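Chain by chain, the residues:
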Amino acid sequence: MDLAELGAFLKSRRDRIRPADVGLPTGPRRRVPGLRRDEVAQLAGASVEYYIELERGAGSQPSEQMLAALARALRLTLDERDHLYHLAGRPLPAPGGPAAHVHPGMLDLLDRLTGTPAQVITDVHVTLVQNRLAKALLGDQVHFEGHSRSFVFRWFTDPQARKLYPEQDHEHQSRSFTADLRAAVARRGGRDRETQELVAALLERSPQFAALWEERDVAVRREEQKRIIHPSLGTIELNCLNLFSEDGRQRLLWFTPTLGTGAVEQLELLGVVGNQNLVAGDFSI
């Protein structure tokens, strides 16, 4: 662990990023060429005091979750992300886990989708990062632990998760999630620990999943229409679109209004409603 070099590395990455690169206002007067320390802290979800200590090479060893948040805030490449973890004396996170590296280009697209809900998830439906409207529509999805990080697991084991969709859509969603998970399992290969343990837990906990898994249907979820139940705005009819990473392990999801419905007005109201009165964990996709 080299906290002094870690701090110097963070500063060097901060200096190269313009506020506009990460969706922040430039402002008329700036005394630094790149981001300010408080802006990095804001993007990473850390306190300003904590981040200042990190750049000074002081304080305690940052957690893996904080390192992942800093890597995303500073738009680090995969090699830069790995270097950050090495300096902090932390093991590299698993490719499909919640601290997985998100390609800077995908994060850049997410930043630019300010007028529509959007988020980045893994191929087993672990949410990695959300924009403001996605949190307003679906709730905060990045705080779950264990198998519950995957919405597929929550869908088949937690009745609360099913409140997102009308009951008449549940059968379709169950089949769709199962077929998509089978495609992910095959893509990753038989030695992938995350998918093996996830499927084993689902087979043990959910008779419905076990029956659907036995049918061996396979289909990647690329785009479809969804009816999403929002606690304040009612049922919103949306198109769910996907942009896949090269290895297929991550996808950027964004939602657009379904033509001929009231979804345009509902999404406009969603920006006003924000995250108010949403209970974290109630919703996901």
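Since the structure is predicted, the reported quantities are computational estimates derived from the model, not experimental observations.

Colleague: Mind laying out the overall build of the protein chain, listing which residues take part and the relevant values?
Modeller: The number of helices and strands found in the protein chain is twelve helices and five strands. Compactness check: the protein chain gives a C-alpha radius of gyration of 20 Å against a globular reference of 19 Å for 285 residues, within 12% of the reference. Taking the principal axes of the C-alpha coordinates as reference, the protein chain spans close to 55 × 45 × 30 Å. Looking at the protein chain as a whole, 49% of its 285 residues are labelled buried. Contacts in the protein chain between residues far apart in sequence, at least 24 positions, make up 60% of those at least 6 positions apart. Carbon and sulfur atoms provide 51% of the accessible area of the protein chain, an area that totals close to 14,000 Å². One way to put it: in the protein chain the 36 positive side-chain charges average out to a point 3 Å from where the 38 negative ones average out.

Colleague: Help me get a handle on the packing of helix H4 (residues 64–73) against helix H5 (residues 78–88), residues and values and all.
Modeller: Following both chains from N to C, one finds H4 and H5 inclined at 145 degrees, their axes separated by 10 Å at the closest point. Here H4 runs over H5; the crossing is right-handed. Together, Glu64, Leu67, Ala68, Leu70 and Ala71 of H4 and Arg81, Leu84, Tyr85 and Ala88 of H5 make up the contact between the two elements. Considering only residue class, the contact of H4 with H5 consists of seven nonpolar, no polar and two charged.

Colleague: Report on the packing of aromatic side chains, specifying residues and quantitative values.
Modeller: All chains considered together, the criterion is met by six aromatic pairs. Relative to Tyr165, the ring of Trp155 lies with its centre 5.6 Å away and its plane at 70 degrees, an arrangement referred to as edge-to-face. In this pair, Trp155 sits in helix H8 (residues 151–157) while Tyr165 sits in the loop between H8 and helix H9 (170–188), placing the two residues ten residues apart along the sequence. You can call Tyr165 buried: its relative accessible area is 2%. Ring geometry for Trp155 and Phe177: centres 5.7 Å apart, planes at 50 degrees, overall tilted. Taken together, the residues span a long stretch of sequence, with Trp155 in helix H8 and Phe177 in helix H9 at a distance of 22 residues. With relative accessibility at 1%, the residue Trp155 sits in the buried group.

What counts, and where the lines are drawn
- Residues numbered from 1 in each chain as written.
- Predicted model: local features only at pLDDT ≥ 70, side-chain atom pairs only at ≥ 80, totals over all residues.
- Heavy atoms only, no water.
- Helix = DSSP H or I, 4+ residues; strand = E, 2+ residues; numbered from the N terminus.
- Rg over C-alpha atoms; globule rule 2.2 N^0.38 Å.
- Buried < 20%, exposed > 50% of the residue type's maximum accessible area, 1.4 Å probe, protein only.
- Contact = heavy atoms within 4.5 Å.
- Areas by Shrake-Rupley, 256 points an atom, 1.4 Å probe, with all protein chains shown as cover.
- Lys, Arg positive; Asp, Glu negative; His and termini not counted.
- Charge placed at Lys NZ, Arg CZ, Asp CG, Glu CD.
- Axes fitted to C-alpha atoms, helices over the stretch in contact; angles between N-to-C directions.
- Left-handed = near helix turned anticlockwise from the far one by under 90°.
- Nonpolar A, V, L, I, M, F, W, Y, C, P; charged D, E, K, R; others polar.
- Phe/Tyr/Trp six-rings, centres within 6.5 Å; stacked < 30°, edge-to-face > 60°.

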